[in-house]
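Analysis of the macromolecular model
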Amino acid sequence: MANTTNTKKNLGIGEMIKLGLVLVCYAVASCAVLAIVNNFTLPKIKQNQINKANTAMKQVFPAADSFEAVSNFEKSSVSVITLSDFYLVKQGGEVIGAIVQAAGPTYDKGKIIVGIKKDGSVEGMRILELSDSPGFGLKANDSSFKLPSGLTFYDQFSGKKSSDGFTVNETFDGISGATITSKGIGDLVNEACKSMNAYFKSGR
């Protein structure tokens, strides 16, 4: 009787070990598959992001025929705003302006690109990402939404002097019911323009 009990215990322990090994094998296999899938998809995701940014830059600066990346540019003086992807805009080999990507808080958060000419006037602005409220803040990136001026929210920045700053409902029109989104995007435009103007004033 004792031998039968010990045998059952041994079989029970053996089954547990076997089950544990099977689970480990499944876990290892799952990790390997995920790693392989990630290796295939990550480059495509990155390339899609690059393509989206390049398309947006051409929309901001249609006259450009090339963009030159710059690394030594002035960062944002506002801690919650991040400036990245600074490009000099060229036409026929001559620098005609610059483009900067800015990200930071809106009602939730947003990412934009802004282009200015060497004289400091805004050539254009586009919103790359915006996670604000549908029907309110998202109007900022809605091509069908028009301000009383007849312009989209983002197109109204074109032609404005960056030296005047961007204050909602003073130097640019805000969206009714989405003042926080409007102000947040204005802050992003401000910081991006400050960095580009500082670069040009430095004579680099």
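The structure contained in this document is the topic of the report that follows.

Thresholds applied
Residues numbered from 1 in each chain as written. Predicted model: local features only at pLDDT ≥ 70, side-chain atom pairs only at ≥ 80, totals over all residues. Heavy atoms only, no water. Helix = DSSP H or I, 4+ residues; strand = E, 2+ residues; numbered from the N terminus. Polar contact = N/O pair within 3.5 Å; in protein donor to acceptor, adjacent residues only side chain to side chain. Contact = heavy atoms within 4.5 Å. Salt bridge = Lys/Arg side-chain N within 4 Å of Asp/Glu carboxyl O. Buried < 20%, exposed > 50% of the residue type's maximum accessible area, 1.4 Å probe, protein only. Patch = residues over 30% accessible without salt bridge, like charges linked within 9 Å, V, L, I, M, F, W, Y side chains within 5 Å. Areas by Shrake-Rupley, 256 points an atom, 1.4 Å probe, with all protein chains shown as cover. Phe/Tyr/Trp six-rings, centres within 6.5 Å; stacked < 30°, edge-to-face > 60°.

A word on the side chain of threonine 106. Position of threonine 106 among the secondary structure elements: in the loop between strand S3 (94-105) and strand S4 (109-117). A polar atom in the side chain of threonine 106 sits 2.8 Å from the side chain of aspartate 132. Threonine 106 has contacts with Leu130, Asp132, Ile180, Thr181, Gly184 and Ile185, leaving out every residue within four places of it along the chain.

Glancing now at the pattern of salt bridges. Applying the stated criterion across every chain yields a total of six salt bridges. Notably, a salt bridge pairs aspartate 155 with arginine 126, separated by 3.3 Å at the nearest N-O pair. Linking aspartate 155 in the loop between strand S5 (122-130) and helix H2 (179-201) with arginine 126 in strand S5, this pair joins segments that are 29 residues apart in sequence. For the salt bridge of lysine 194 with glutamate 191, the shortest nitrogen-to-oxygen distance reads 3.3 Å. You can see lysine 194 and its partner glutamate 191 sitting in helix H2, three residues apart, about one turn around the helix. When its relative accessible area of 6% is taken as the criterion, glutamate 191 is described as buried.

Together, Ile13, Ile17 and Leu21 give the surface a local cluster of nonpolar side chains, amounting to about 300 Å² of exposed area. Looking at leucine 21, the relative accessible area reads 53%, which means it is exposed.

Of note, the phi angle at aspartate 85 is positive, near 50 degrees, even though the residue is not glycine. Position of aspartate 85 among the secondary structure elements: in strand S2 (residues 82-91). Its relative accessible area of 40% is what places aspartate 85 among the partly exposed residues. We note that asparagine 169 has phi near 65 degrees; this positive angle belongs to a residue other than glycine. Looking at the element boundaries, asparagine 169 is found in the loop between S5 and H2.

With that out of the way, let us pick up the packing of aromatic side chains. This structure, assessed with the given rule, holds seven aromatic pairs. The interplanar angle of 75 degrees and the centroid separation of 5.6 Å between the aromatic rings of phenylalanine 153 and phenylalanine 157 together place this pair among those described as edge-to-face. The same class applies to phenylalanine 153 and to phenylalanine 157, which are both buried. Here phenylalanine 157 and phenylalanine 166 contribute two aromatic rings whose centre-to-centre distance is 5.7 Å and whose plane-to-plane angle is 55 degrees, an arrangement assigned as tilted. A residue is classified by how much of its surface remains accessible, and phenylalanine 157, at 0% relative accessible area, is buried. Residue phenylalanine 166 is classed as buried on the basis of its relative accessible area, which comes to 4%. An aromatic cluster of three or more residues is present, and its members are Phe73, Phe86, Tyr199 and Phe200.

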